[in-house]
Amino acid sequence: MTDDGGFRVMTARTTETVQGVIDTQGAEGDTARWLADLVTATILVRETMSPSYRVQGIIHGAGRSGRLVADAHPDGGTRGLVQRSGDSDPVVGAGAVLELMRTLPRGTVHKGMVSVPDKGGLSSAFMAYLQESEQVVSMIAVSTVMEGNKVRAAGGYLVQLLPELSESMLAIMTARLDDLPSIDTMLRDEATTPHTLMGELLYAMPHTLLADSPLGFQCRCDAVRLMASLATLPRHEVMEMVNDGKVIEIQCDYCRTEYRIEPEQLRGLLSKS
Ligand SMILES: [Zn+2]
């Protein structure tokens, strides 16, 4: 945060996180880049608005063409999903909608939606979301530099304008952002870290580093959670599966881990309920 209380700035390096998401989802080309940018922007918004809550960023593709999902958790663990409609990937651009969901304590969900503008991509959509749904004025830039299916660098920044902001400071920051190379160019430089990015953004502006937190690709699935979700099925359905006597194979959509459930384990659910 700047010492005059005018700006709060978040910077993130998400290279390994988005690589993990892209690899497990088998995302390629534009879809890989959109998904990666969605993951980075969702992380930045979570850190800014609600660092202790889970935040999901969802792009509903134009013309019911599927969805992209980023699922960011307070411990920094983040995962993502490509939900295709038929064989084709979600279409991002005019007609697509960005939705943000924040899970509050006791499971209450706060939601907001904005349309993805024709120009400016996801960064513009996230800025519009923050302004319309959270009354926060911000400048966001995210990018993913790809080499084939390999993420060379991914990251971004979010500059939040605070109520203390003076016009002269705003003018300095606006000029600063105009002078800076594009986020793409900065990420391509191997020397760029969240700290150097912060230093560039707040050059000559006295500021204090408030916090540093780790990020990574991480799924939340495990066998216990899976059994808990099966336990919510109607009893007769579980009974049918037990009577079939087959091993049930279930794959996690996020990380593609395969789970095998033996009829014996299902029978355990019946005796408990
Ligand atoms: Zn998983």
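Residues numbered from 1 in each chain as written. Predicted model: local features only at pLDDT ≥ 70, side-chain atom pairs only at ≥ 80, totals over all residues.

(A) Just the nonpolar core, in detail. The biggest cluster of nonpolar side chains holds 54 residues, and the ones touching the most others in it are Leu35, Leu38, Ile59 and Phe126. Top element by residues in this core is helix 2 (residues 29–49). It accounts for 10 residues. When residues no more than four places from it in sequence are discounted, the contact partners of Ile59 are Trp34, Leu38, Arg67, Leu68, Pro90, Val92, Ala96, Leu98 and Val116. (Core = buried A, V, L, I, M, F, W, Y, C linked by C-beta atoms within 7 Å. Buried ≥ 20, exposed ≤ 12 C-beta atoms within 10 Å, placed from the backbone. Helix = DSSP H or I, 4+ residues; strand = E, 2+ residues; numbered from the N terminus. Contact = placed C-beta atoms within 7 Å.)

(B) Region of the structure containing the packing of helix 1 (residues 15–25) against helix 2. Packing of helix 1 against helix 2 brings their axes to within 9 Å, and their N-to-C directions diverge by 135°. One element, helix 1, and the other, helix 2, form an angle in the oblique class. Considering the relative orientation of helix 1 and helix 2, their crossing is right-handed. Contacts between helix 1 and helix 2 involve Thr17, Val18, Val21, Ile22 and Gln25 from the former and Ala32, Leu35, Ala36, Val39 and Thr40 from the latter. (Axes fitted to C-alpha atoms, helices over the stretch in contact; angles between N-to-C directions. Parallel < 35°, antiparallel > 145°, perpendicular 65-115°, else oblique. Left-handed = near helix turned anticlockwise from the far one by under 90°.)

(C) Region of the structure containing the packing of helix 2 against helix 3 (residues 121–134). In contact at an axis separation of 10 Å, helix 2 and helix 3 are set at 30° when each is read in the N-to-C sense. Relative to helix 3, helix 2 is oriented roughly parallel. Here helix 2 runs over helix 3; the crossing is right-handed. In contact with Asp37, Leu38, Ala41, Val45 and Met49 of helix 2, helix 3 contributes Leu122, Ser123, Phe126 and Glu134.

(D) Spotlight on the sheet that holds strand 5 (residues 97–103). Taken together, the six strands give an open sheet; going across it, the order is 6-5-2-3-4-9, and neighbouring strands pair in mixed fashion. Here the strands that pair on one side only, and so sit at the sheet edges, are strand 6 (109–115) and strand 9 (216–217). (Pairing = 2+ DSSP bridges.)

(E) Fine view of the domain arrangement of the protein chain. If you check the domain split of the protein chain, you get domain 1 (7–217) and domain 2 (223–272). Centre-to-centre, using C-alpha coordinates, domain 1 lies 36 Å away from domain 2. (Domains from an automatic or database assignment.)

(F) Geometry of the sheet that holds strand 7 (residues 138–147). With antiparallel pairing, the three strands of this open sheet are ordered in space as 1-8-7. Each end of this open sheet is capped by a strand with a single partner; those strands are strand 1 (7–13) and strand 7. Neighbour to neighbour, the strand axes of the sheet diverge by 5° on average, direction disregarded. By the bridge criterion, seven bridges tie strand 1 to strand 8 (residues 150–161) in an arrangement that is antiparallel. Looking at the pairing, Phe7 lines up with Leu161 of strand 8.

(G) Main features of the pairing of strand 11 (residues 258–261). The pairing of strand 10 (residues 248–251) with strand 11 spans four bridges and is antiparallel. Residue pairing for strand 11: Ile250 is matched across the bridge by Tyr259. Between strand 10 and strand 11, which pair antiparallel in sequence order, lie six residues; one of them, Arg256, sits at a positive phi of approximately 65°.

(H) Region of interest: unusual backbone geometry. One non-glycine residue, Arg64, lies in positive phi territory at about 50°. When you line up the elements, Arg64 lands in the loop between strand 2 (54–60) and strand 3 (67–72). Accessibility expressed as a C-beta count within 10 Å gives 11 for Arg64, which makes it exposed. Within the chain, Gln135 stands out as a residue other than glycine whose phi angle is a positive 55°. You can see Gln135 is positioned in the loop between helix 3 and strand 7. Under the C-beta neighbour-count criterion, Gln135 is labelled exposed, with 7 such atoms within 10 Å.

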